[in-house]
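Summary of the model geometry
For reference, the chains in residue letters:
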There are 2 protein chains.
Amino acid sequence: MSPEARPTIADVARKAGVSKGLVSFALNDKPGVSAQARTRILDAAAELGWTPNLRARSLSTGRSFACGLVIGRSTDVIAADPFFPSLIAGLEDVFSVSGQVLVLSAATPGRHEVETYRGLAADRRVDGLILTDLRAADERIALVGELGLHAVTLGRPDVDSPFSSVSVDDGAGIRCAVEHLAALGHDRIAHVAGPDAMLHARRRTAAFEDAARANGMSSRVVRTDFSAAQGATATRDLLALADAPTAIVYSNDQMAVAGIGVAERLGLRVPGDLSVSGFDDTELGRHLRPALTSVATDARAWGAAAARALLGMLAGDAVAHIELAEPTLVIRESTSVSPHPPTGGLGRH
Amino acid sequence: MSPEARPTIADVARKAGVSKGLVSFALNDKPGVSAQARTRILDAAAELGWTPNLRARSLSTGRSFACGLVIGRSTDVIAADPFFPSLIAGLEDVFSVSGQVLVLSAATPGRHEVETYRGLAADRRVDGLILTDLRAADERIALVGELGLHAVTLGRPDVDSPFSSVSVDDGAGIRCAVEHLAALGHDRIAHVAGPDAMLHARRRTAAFEDAARANGMSSRVVRTDFSAAQGATATRDLLALADAPTAIVYSNDQMAVAGIGVAERLGLRVPGDLSVSGFDDTELGRHLRPALTSVATDARAWGAAAARALLGMLAGDAVAHIELAEPTLVIRESTSVSPHPPTGGLGRH
DNA sequence: TTGTATGCGTTATCAC
DNA sequence: GTGATAACGCATACAA
């Protein structure tokens, strides 16, 4: 009598005069159903407005039709980082049109990272995971493999991994920034980096040091947790040095913004006395004064590519390692000619 | 032979020498099980390491053990808005310790808002929803009700609603900002607001106009979509007026930052020539120069309260309307005494 | 080419 | 009071 009662596969079978099993075969385009039975079944299903019950399907197939993203960073850091919302937007671009759903889990005060992965796997809440913020010798790779889940990593791990990966050569972005500064005559530069445990922070640091060396610049690196607060502290420390840098390459935009604030408070002009470049090319950057020179990566495209790769793995595709387009340097107002051009440098022209 | 095979309730029943049904009763603390049978069952379950299969549980109980958050705003706007990550962090604080999972859906190019809600409901992917960014005469209230889902709204809707709500009096925050500016001698102020269709944008606008009137100030309002770009445009328009305001109250921090950029580009000093206040008290704000005066709301606490309210509804609690702590104004460097103090105003002291 | 049985946990229904 | 049984909803291995 319930008006809400959805038709079940049994209703369709009865109406079409066949068994439940055959209905399932017909509706999933499996072989072994006569053309005649197939049309009878499809008609009956359409007439009743039948759609499969996802939960029953989930139980019998062992799939969740959901993928997960575990956010391991402190949530305070996430809130300040526009990378995640953009990544999520990209994931949704793909998941939303393929019947998948995105399950978001954060490591919270009440439950830590490994437990979060174990919980998702124990309950089979997801079929696969997006692994982000890869760390050196990341134990999550093995953990997720043992838990029997599929996954795609953002960037290639430094350990053996059975998973597909989608990468962006952020090192190339940093290199662009350093070369830009070299061309402007800077020869004493610094990098405000992310945590050394994170692979992409390491990669950026290495690219920075290589590019500085290749361009004959003296360089320095300060590590942070990616937060604006530590970006500010790092800047204060760098500018207090006797041979303070004339340009700083930051590993994200919010640290760059905080760094500009610190420099200006010390009476320095940006870019007159200090050039600053950011990373991620946040919307806000172009509205600041000075507008921020920044390395532009396409987090949304990254998310979309990762989602596609994960769906591919779930469908049984071979492991693939996808390299996305190189980031580009967007030059705005926060970088300019060095205040202390090296002898024979560009300052002469 | 599968080494992965989890014990099922049938294994427990066999080991305890009872039926599946009785095992279920025993493990869910239902009456009708003798103390003797209960201990036998519990021992057997512990010995086998049995845990219920969530998918089977989901099928038989009709619950998903998941809650959803649909993000209706353009994803580009979300990426720039630290409100959502903080909200999500708050939701996770509660969900993660109560066996719930957060399903995130975004209105994407391929699928729009109403379809997203219908899709979640059709597949019963979630038991309840968090409704945010409430609009005037919001059709989602009725829609979600018809779809048979529970929900909690962030803020009280302007239509009849069967759902609990969790609210913050953002009007009070705006009032604080206006009174602060009045005390500084400003008498020509403006508000850069969010979309008029959004209830909280309306509420803030109304609070702004009331407070300006109560303090004898002339006021103006410009509407935007909350993006930094439109915040910049609005500021340019306001400052081009013959009687340009001496202070602008922005409805979020990123518009305030963009506004400061525009003002400085026009040769105005902030706060010397123009005072600026933001909303949300973003981490970044305190590192800017000038550091941003902003209305602080606790998005994370808001999320946690909403999650608790939703779990309450799912458990059958009565509809509740929760009012959170009033926002506070954090006064920093971007607001100061008016450059044109009104006659008899504070400028004399 | 088609029908049947089984897997999952919960719960309504029935038997003692 | 105490317990067993069957049905739910779908996919699929297997039998016919």
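Along each chain, numbering runs from 1 in the same order as the chain's sequence is written. All chains are assigned letters beginning with A, and all ligands numbers beginning with 1, in the order in which they are written. The predicted origin of the model limits local features to residues at a pLDDT of at least 70 and limits the giving and counting of side-chain atom pairs to 80 or more, whereas totals for whole chains, interfaces and linings rest on all residues. Side-chain calculation: all heavy atoms of the structure are included, whereas hydrogens and water are not.

**With respect to the side chain of R125 of chain B**
Numbering of helices and strands starts at the N terminus; helices are DSSP runs of H or I of at least 4 residues and strands are runs of E of at least 2. For R125 of chain B, the position within the fold is in the loop between helix 7 (113–122) and strand 3 (128–131). Remark: exposure states derive from per-residue accessible area (1.4 Å probe, protein chains only) relative to the maximum for the residue type, with buried under 20%, exposed over 50%, and partly exposed in between. Here Asp and Glu are counted as negative and Lys and Arg as positive; His is not counted, and neither are the chain ends. We count a salt bridge whenever a side-chain nitrogen from Lys or Arg sits within 4 Å of a carboxyl oxygen from Asp or Glu. Buried within the structure, R125 of chain B lacks any salt-bridge partner; its nearest side chain of opposite charge belongs to D123 of chain B, at an N-O separation of 4.4 Å. N or O atoms within 3.5 Å of each other form a polar contact, as long as, within protein, one can give a hydrogen and the other can take it, and as long as residues adjacent in sequence are counted only when both atoms are side-chain atoms. Polar contacts involving the side chain of R125 of chain B include one to the main-chain carbonyl oxygen of F65 of chain A, which spans 2.4 Å. When checking whether two residues touch, look at their non-hydrogen atoms; a contact exists if any pair is within 4.5 Å. Other than its neighbours up to four places away in sequence, R125 of chain B contacts L54, S64, F65, A66, G99 and V101 of chain A together with S64, A66, G119 and L120 of chain B.

**Some words on the UniProt feature "domain: HTH lacI-type" (unreviewed entry) in chain A**
UniProt positions are given in the numbering used here, feature names are shortened, and annotations may be inferred rather than shown by experiment. Taking the numbering used here, the UniProt-annotated feature "domain: HTH lacI-type" (unreviewed entry) corresponds to residues 7–61 of chain A. Helix and strand shares over residues 7–61 of chain A are 69% and 0% respectively, and the end C-alpha atoms of the span are 20 Å apart.

**Digging into the protein's contact with DNA strand C**
For this purpose, a residue is taken to be near a molecule or strand whenever a single non-hydrogen atom of the residue falls within 4 Å of it. Around DNA strand C, the surrounding shell holds 24 residues, and the nearest of these are S34 and L59 of chain A together with T8, I9 and S60 of chain B. Between DNA strand C and S19 of chain A there is a distance of 3.0 Å, counted from a phosphate oxygen to a backbone nitrogen or oxygen. Elements with a minimum of two residues in the surface near DNA strand C: helix 2 (20–27) and helix 4 (54–61) of chain A together with helix 2 (20–27) and helix 4 (54–61) of chain B. Classification used: nonpolar for Ala, Val, Leu, Ile, Met, Phe, Trp, Tyr, Cys and Pro, charged for Asp, Glu, Lys and Arg, polar for all others including Gly. Split into classes, the residues belonging to the surface near DNA strand C amount to 9 nonpolar, 12 polar and 3 charged.

**Concerning the confidence of the model for chain A**
Averaged over chain A, the pLDDT score is 91; the fraction of residues at 70 or greater is 93%. Per-residue confidence from the predictor is given as pLDDT, running between 0 and 100. Here residues 344–349 of chain A scores under 50 on pLDDT; set against residues more than four positions off or in separate chains, the count is 6 contacts.

**A few points about the packing of aromatic side chains**
What counts as a ring pair is set by centres within 6.5 Å for rings of Phe, Tyr and Trp (its six-membered ring), and what kind of pair is set by the plane angle: stacked under 30 degrees, edge-to-face over 60, tilted for all other angles. What the rule picks out here adds up to 4 aromatic pairs over all chains. Their ring planes at 85° and their centres at 5.6 Å tell us that F83 of chain B and F84 of chain B sit as a pair that is edge-to-face. With respect to class, F83 of chain B is no different from F84 of chain B; both count as buried. With a centroid separation of 5.8 Å and 75° between ring planes, the pair formed by F83 of chain B and W302 of chain B is classed as edge-to-face. Taken together, the positions of F83 of chain B in helix 6 (residues 83–95) and W302 of chain B in helix 13 (residues 299–314) put the pair 219 residues apart, joining distant regions of the chain. Each of the two residues, F83 of chain B as well as W302 of chain B, counts as buried. Taken together, the aromatic side chains of F83, F84 and W302 of chain A make up a single cluster linked through ring pairs. Here, a charge over a ring is recorded when the distance from Lys NZ or Arg CZ to the ring centre is within 6 Å and its angle to the ring normal is within 35 degrees. Above the plane of the ring of F279 of chain A lies R204 of chain A, whose end atom (NZ or CZ) is 3.9 Å from the centre.

**As for the packing of helix 2 of chain A against helix 3 (residues 35–48) of chain A**
Residue and element names in this part refer to chain A. Each axis is a line fitted through C-alpha atoms, taken for helices only over the stretch in contact, and angles between the N-to-C directions span 0 to 180 degrees. The contact between helix 2 and helix 3 brings their axes to 9 Å, and the two run at 90°. The pairing of helix 2 with helix 3 is recorded here as roughly perpendicular in orientation. Here helix 2 contributes L22, V23, A26 and L27 to the contact with helix 3, which in turn contributes A37, R38, I41, L42 and A45. A class-by-class count of the residues in the contact of helix 2 with helix 3 yields 8 nonpolar, no polar and 1 charged. Here the angle decides the label: under 35 degrees means roughly parallel, over 145 means roughly antiparallel, 65 to 115 means roughly perpendicular, and every other value means oblique.

**Quick look at the nonpolar core**
Considering soluble globular proteins, one finds that nonpolar side chains tend to be buried as a cluster. Ranked by internal contacts, the top residues of the largest apolar core, which has 53 residues, are L69, L91 and F95 of chain A together with L69 and L91 of chain B. Broken down by element, the residue count for this core peaks at 10 residues, all from helix 13 (residues 299–314) of chain A. Here the nonpolar core consists of buried residues drawn from Ala, Val, Leu, Ile, Met, Phe, Trp, Tyr and Cys, with membership extended through side-chain atoms lying within 4.5 Å. Formed by 51 residues, the second largest nonpolar core is a distinct cluster that contains V262, L284 and L292 of chain A together with L274 of chain B.

**Quick notes on the protein's contact with DNA strand D**
Lining the immediate surroundings of DNA strand D are 27 residues, of which I9, L59 and S60 of chain A together with S34 and L59 of chain B lie closest. Put simply, 72% of the atoms of DNA strand D that lie within 4 Å of the protein are in sugar or phosphate. Take K30 of chain A: an N or O atom from its side chain is 3.0 Å from a phosphate oxygen of DNA strand D. Between DNA strand D and S60 of chain A there is a distance of 2.8 Å, counted from a sugar or linking oxygen to a side-chain nitrogen or oxygen. Here the surface near DNA strand D takes 5 residues from helix 4 of chain A, the largest share from any one element. Of the residues that constitute the surface near DNA strand D, the class distribution is 11 nonpolar, 13 polar and 3 charged.

**Some points on the sheet that holds strand 7 (residues 218–223) of chain A**
Residue and element names in this part refer to chain A. The strand order across the open sheet formed by 6 strands is 7-6-8-9-10-12, and the pairing between neighbours is mixed. Only two strands of the sheet have a single partner each, and these edge strands are strand 7 and strand 12 (328–330). Geometrically, the sheet is characterised by an average inter-axis angle of 20° between neighbouring strands, direction not taken into account. Bridging between strand 10 (residues 293–296) and strand 12 involves 3 bridges; their strand directions are antiparallel. Looking across to strand 12, one finds that S294 is bridged to V330. Running at roughly 155° to strand 9 (residues 275–279), helix 12 (residues 253–265) makes contact with strand 6 (188–193), strand 8 (247–250), strand 9 and strand 10 of the sheet. A pair of strands is considered paired only if DSSP assigns at least 2 bridges between the two.

**Looking at the relation of the copies chain A and chain B**
Between the two copies, chain A and chain B, the superposition gives an RMSD of 0.3 Å; the rotation angle is 180° and the shift along the axis is 0.1 Å. Here the symmetry operator amounts to a two-fold rotation axis. Looking at the rotation axis and the C-alpha trace of chain A, the residue lying nearest is V103 of chain A, at 2.3 Å. The share of interface residues of chain A whose copies in chain B are also at the interface is 100%, consistent with both copies meeting through the same surface. Least squares is the method used to superpose the copies, on C-alpha atoms of residues holding a pLDDT of at least 70 in both.

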